[in-house]
Every structure is written in C-alpha cells, then in structure tokens.
Amino acid sequence: MASSMHCKSIIGRCTVGLRRVNDLKVAACTSWMQHRPLSTKFPEFKNNPQLQSHDQIYKFSLENPDQFWSTLARSRLQWSKDFDTVKDCDIIKGHIKWFLGGQLNASVNCVDRHLDTLGDSTALIWEKDEPGTEEHVSYRQLSQMVNRISNMLKKHGVKKGDRVAIYLPTSPVAIASMLACARIGAVHSVVFAGFSAEALAGRIEDAKAETVITADEGVRGGRKIPLKKVVDESVSKCPSVKRVFVYRRTGMGTLGKNDFSLDDEMAKESDVCDPELMESEDFLFMLYTSGSTGKPKGIAHSTAGYLLYAMMTQKHVFDYKVGERFGCVADIGWITGHSYVVYGPLLNGATTVLFESRYWEMTERLKLEHMYLSPTALRMLLKEGDNFVTKYDRSSLRKLGCVGEPLNREAFEWYRDVVGGGRCDVIDTWWQTETGGICITPRPSEQGAPILPGMPMRPFYGIAPALVDQKGEEVTGNDVKGALCIKSVWPGMARTIYGDHQWFLNTYYTPYPGYYFSGDGARRTKSGYYQITGRMDDVLNVSGHRLGTAEIEDVLDDQEEVAESAVVGYPHDIKGEGIYAFVVLKGEHDMPLDKLANELRGMVKTRISSFAQPDMILFAPGLPKTRSGKIMRRILRKVAANKPDELGDTSTLFDPSVVDAIVEKHEEVYGKKQ
C-alpha cells in the first residue's frame, strides 16, 4: 500500500495519509467503493448479480448464514458423506454445532485431494535454523510421511479419540504428525517446544495423553534446545504416558524404556493408510491457552467447521493464489501456526514456509509473496534499523500480515513503507485461539478500499461484532467504545474447554448472554471501523476515567526513540489507580531520560487527555514476554505495585532474566515505596 492511498470518483479525490484520515472523505470514498470488484472473488456466487460486491456478500453471510456456509462447505471441502443439517446453534447456551451428519477427514482435505493436480508441487519449505539450508517437501512426499506416521501410531495402539501430545519444533515431521493424528481420528495437542517441563507436564496430564511425539533437540538462533530432556522430566510426572516417539533432529541423546525412534518406526510402515471417517463435530485438536486463573485452558476445535473457516480466511484475507509461497512465521504451538502454517494453506493447496530463522534473507531467496508475523516481532525488527531490511530484495512480497497485540502506528508505517516499499497491503488482523481464524481484518473488502493504521477495521464474512457496555447492553452508532463481543455464530468457533465445559460457558458466554465475549475492548470509529483497545483486564480506571492501556501505548510507541512500551495500573492513594509505563528504547538516544519522559507525558496529554499521562515512566532494558511474543503484564503489575515476591512462575518467559533487571531498575528509580 503506498504511503497515501487514492481513489478517484466524480465526487473528487480521497486520500488516506500517513497520520490522520478525514472521516468524511473516507466515508465518501467507501460509498463509491461499494460497487467495485471484490478483493478476492467467490466462484460460487459469480452467476448471482446480487452477490458481486463485498457489502452484498457480507450482508448475505449474516442474513442467510445457512445458505452462505453450506454453499462454501460443499464447494470447498471434500466430504465422504454430505451433511444434512447446516447448524444447530444456541449462542445463549454456548451450544455450537455445524454440518451435522457429514463425514470427512482433515488429512484427506489437506493432502490427498491435491495429489492428482499438485502431487509434485511443493507443500512445505522447511527454512532451517542453519544458514543456507532449506528442505522442500512435495504434496506426494507429505502424503507418504503422513501415512507412515499414521500406521506407526495405530501399530502402537493409538486409536480414534485418543489425545496425542506433540512437542516438536516447526518442521515437516511436526506437520506430518499433526495430520497423521487427524488421519486416524486422534486428537492432537501441540505444545510449544519451548515450554518448561512443568508446563508441558500440566498439559499432558490435563489432556490425559498416552502418547508424546518429540525430538532429541531443537535448534533456534544457533542454540540447541534439549527437547527430549524436557520431555523425560515431564513424563516422570505423567503416569498416563505409555509411549514417546523421538525424531532425530540433531542425532543427540539416547532412548529410554518407553521411547521409540520415530525415524526407525516410520521406516517399518507402509505409505498407505486408509483415513478414518470423522463426524463433522468430532474434535480435530485441542490447544492450550493461558487462563486468567493461571491454569491453562485446553481449547477444543471440531473438524469440519474449523477446516472450512481456516481455509476461507487464509484464501480471502490474504487473497492467496495457487502457486504463491505463504510465509507465516508463527510456531505450530500456537493457533496462528495451526491455522496459517498448517491447515489454512494446505487446504488451499499452498506452499507454506516452516520458519526457524532469518526473515528478509529468506524473503529474497524464496521469493515469498506473503509474510504474516506479530507486532512484537515487528517492533524488534524495527529496532535493528532500515538497512537490516532494505539490503535484501523484497519485491516478491504482495501482502504483509500481522497478528497478536494491537499494531501501533509507527510499526504499521514501517512495515508498509520500509518492508513493503509502499506496494503491499498491511493486513492487521484480530482473532483468538477460541475463534479458530481471523475475525476482523482490512481484507477482504472492495478492491482498493482504504487500509488505516492501528486497526483491523472490517469484520470477516459471517462475523457480526457488537460493542457492549457494563450493563450488558449493545452500544450502537459510531465513535463508541465497549466490550468486543460477537453476536453471530460461525463454523470456526471453539466448542469447549476440554474437561470443563462450565468453565467454557462462564468465560465466553455467561458475561454477556446472547454474545460471544472476546475479553477485549474495542472502539468503533466515526467511519464504522473497528479498533482494538486491549484486553478488558488491561483497562485502567483513573479517577473514574476508563482507559485502555493500548491507547496509551500507541502514543508512547510513536515517539521516535521508543521501540515498545507496556502500560499497567498500580494502586494510587488519590486516583484509585495510577498509570505506570515501562518503556524500551531503540538503542542509542540523544535526549536525557528526564526530558524524554516529559515529552512522552506531553504526547499522551495532547493525543488523549491530561488524566491519561503516566504517573511513572521506567526506561527498562526489555519487557517480560512469553515465547510467543506476548507481554506478561501480570508481572509488570506486581513490579509496579511493589510486590516482587509475588511474581509467580516465570518459566514460560523467553528471557526470565529481564524480570530481575526490571525489578532492580524499578527499585533504583522509585525505591520500594511509592
């Protein structure tokens, strides 16, 4: 996307600038665009003159969901048996079922059905950590791997409905293991291969998994990670585990009593395995996400609904075209890796890149058309400077995606103008583990529709967002804020928390009856676009004023010397809650810190209000982040509240040592009493 976006019509010229957008011009431009072609077409609706624009199809998806989703399910998925009931849903009760009576298999849809036309095409490119190495796996080779692992699992007693824990780095074997579970009807539970032994053990035990698939070691940034050692420690606490399959990544380590060499066991098996017929609502996988209580939640997704939604969003959000190389740099241990490294791309017959290192060199060498990463990764890359990016050829890139925490304006503009050279759409997406796929996103839309910084903007087909106030009433109109809920049902929705459906209902459906509650807050702009303001538990109440932490962070991050920031509340004798900002600088800085702090406060005062100014600003060496890049704000709240003895478990942090550095800096600057 160029540094300013233009659309011409008889009413004049609409320009979306780098910083501020005239809402009236955008509205006029949007009205004109309602009759422009879709950013990604629907072959299913090409002969229907009433379904040719984005607005028409979006409206149809909400008013006729049964017809919309059933048409796409029959067109885009391969069924062994057609479904007879499109949906059986009651959002008030959290009762969600789709495509009842239908039977299919996920591995068949991801691999088998492509063999005749794409068998020799590349399915996976494994971009290894070792410089200059890559491995290409065709759809035919992937099929052989999946079938061998499927037969191996069956031989060792794994059956339909069993849970299989996968603790592997992103690699062809990891993807084949996921699809092998799907092929035989086992439920895979992928755990990020960076979690501690304690965290892994908790997930294995909660799932009651009897089987674990791991590797001897992982490799990241040149460092070897002793995965098997972690698994051994975990399994010693998990009496449910009967067998551990170990993939040789580096060739290190020995096998124990219940261990099997995955490579050797695969080699013994046939590369033909009949797929299990799965009911639409049979579980495909469970994936653990952090719970507010500290206990991880095993979010369970069904087969048919999840597959359709992952497929649809990967195709229409990114305008994916067959033959393109799709680079989602997420780990398979997270939902982004499930939906946009594995299932979405493979369902669409894509070439998907499995990433271990080196963003821009890889982009040049592999000629990627798509890049999908996190705001945290962007801010880290931004700190390295433009030359780190511009020395590589990025002309192949067509779409630049982002997922995770809200993307601040500076990172958006850097991504668009430096990484994309002003040519590419920046697609800042909002969704969750529980939604299964992208829910709010600038694309799809009309061709050339404006994309504004700092917001995901438009709901995806079938998604009806609602902003709800503290009384549980929907807030209508534009230029309003509220709890971000969804009042429609869609196929990709999670079905339960494994083993605790009441917890599922209490978390997502009880807070606002008749709505799915995301836990996030949002603003609907004057032009009707959606902007995420942050987690509802990240909302501050300062002297009676409610503030989203993301709003303040967005201002702080716009200062040219700031790399990133995190804002939390702390107890304040007068205001009830004070504002504490942890700020990380890009590196060398010319301005004295006290002057910089005053400038930051002034920016917040100018762009939000005087009551939004941080009471305390700490220039920190870094922020406590999980290995997926999310900021662990509960730790920062404890530091701000002078409770360093109550920090809790920090084993899942990427760099636990940064916590000690922050505590030391806080005590140095502010002392132990505020």
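Rules used throughout
- Residues numbered from 1 in each chain as written.
- Predicted model: local features only at pLDDT ≥ 70, side-chain atom pairs only at ≥ 80, totals over all residues.
- Heavy atoms only, no water.
- Disulfide = S-S within 2.5 Å.
- Buried < 20%, exposed > 50% of the residue type's maximum accessible area, 1.4 Å probe, protein only.
- Helix = DSSP H or I, 4+ residues; strand = E, 2+ residues; numbered from the N terminus.
- Arc of directions from axis to C-beta.
- Pairing = 2+ DSSP bridges.
- Axes fitted to C-alpha atoms, helices over the stretch in contact; angles between N-to-C directions.
- Contact = heavy atoms within 4.5 Å.
- Domains from an automatic or database assignment.
- Core = buried A, V, L, I, M, F, W, Y, C linked by side-chain atoms within 4.5 Å.
- Phe/Tyr/Trp six-rings, centres within 6.5 Å; stacked < 30°, edge-to-face > 60°.

Our focus in this paragraph is the state of the cysteines. Counted according to the given criterion, the structure contains 0 disulfides. Cys89 carries a free sulfur, and the closest cysteine sulfur to it, the one in Cys439, is 14 Å from it. Cys328 takes part in no disulfide bond, and the closest cysteine sulfur to it belongs to Cys402, at a distance of 11 Å. Note on Cys328: relative accessible area 1%, which makes it buried.

This paragraph deals with helix H9 (residues 227-235). Within H9, the full set of buried residues consists of Leu227, Lys228, Val230, Val231 and Ser234. In a view along the axis of H9, the buried residues occupy a sector of 155°, so they form one face of it.

A cis amide bond links Arg443 with the next residue in sequence, Pro444, at an omega value of 10°. Checked against the element boundaries, Pro444 lands in the loop between strand S22 (425-429) and strand S23 (465-468). Here the phi dihedral of Phe99 falls at roughly 55°; this positive angle occurs in a residue that is not glycine. With respect to the secondary-structure elements, Phe99 resides in strand S4 (residues 98-100). One non-glycine residue with positive phi stands out, namely Asp319, at about 50°. As for its placement among the helices and strands, Asp319 is situated in the loop between helix H11 (304-317) and strand S18 (325-328). Overall, Asp319 belongs to the buried group, its relative accessible area being 11%.

Strand order in this open sheet of 3 strands is S31-S32-S33, and the pairing throughout is mixed. With one partner strand each, in any of the chains shown, strand S31 (562-572) and strand S33 (616-619) form the two edges of the open sheet. Across the sheet, the mean angle separating the axes of adjacent strands is 20° when strand polarity is ignored. Of the strand pairs in this sheet, strand S32 (residues 576-585) and S33 are connected by 4 bridges, and their pairing is parallel. Paired with Val583 across the strands is Phe619, a residue of S33. Contacts between helix H19 (residues 593-607) and the sheet are confined to S31, S32 and S33, with S33 contributing the most and set at about 130° to the helix. Against the sheet, helix H21 (residues 657-670) touches S32 and S33, its axis set at about 130° to S33.

Domains assigned within the chain are domain 1 (106-276) and domain 2 (543-672). Computed over C-alpha atoms only, the centres of domain 1 and domain 2 are separated by 40 Å.

As a further point, take the sheet that holds S18. Across the sheet, 7 strands lie side by side as S7-S6-S19-S18-S20-S21-S22; this open sheet has mixed pairing. With partners counted over all chains shown, the strands left at the sheet margins are strand S7 (134-138) and S22, one partner each. Across the sheet, the axes of successive neighbouring strands diverge by a mean angle of 20°, strand direction being ignored. The pairing of strand S21 (residues 399-403) with S22 spans 5 bridges and is classified as parallel. Across the sheet, the residue bridging to Leu400 is Val426, located in S22. Along the sheet face, helix H16 (residues 409-419) touches strand S20 (370-373), S21 and S22 and points at about 155° away from the line of S21.

A word on the nonpolar core. Of all hydrophobic cores here, the largest spans 138 residues; its most connected members are Leu142 and Tyr343. Among the elements that take part in this core, helix H7 (residues 172-184) stands out by supplying 10 residues, more than any other. Other than its neighbours up to four places away in sequence, Tyr343 contacts Ala106, Cys110, Met178, Leu179, Ala182, His188, Leu284, Tyr306, Leu307 and His338. Counting 29 residues, the second largest nonpolar core, distinct from the first, contains Met362, Ala377, Phe412 and Val419.

So, about the packing of aromatic side chains. For the structure shown, the criterion picks out 37 aromatic pairs. Between the aromatic rings of Trp79 and Phe99, the centroid separation amounts to 6.0 Å while the plane-to-plane angle is 70°, which identifies the pairing as edge-to-face. You can see Trp79 sitting in the loop between helix H3 (65-76) and strand S3 (85-87) and its partner Phe99 sitting in strand S4, a full 20 residues away along the chain. Each member of the pair, Trp79 as well as Phe99, carries the same accessibility label: buried. Aromatic side chains Phe285 and Tyr343 sit 6.4 Å apart centroid to centroid with 10° between the ring planes, which places their arrangement in the stacked category. Note that Phe285 is positioned in strand S16 (residues 283-289) and Tyr343 in helix H12 (residues 335-347), a separation of 58 residues in sequence.

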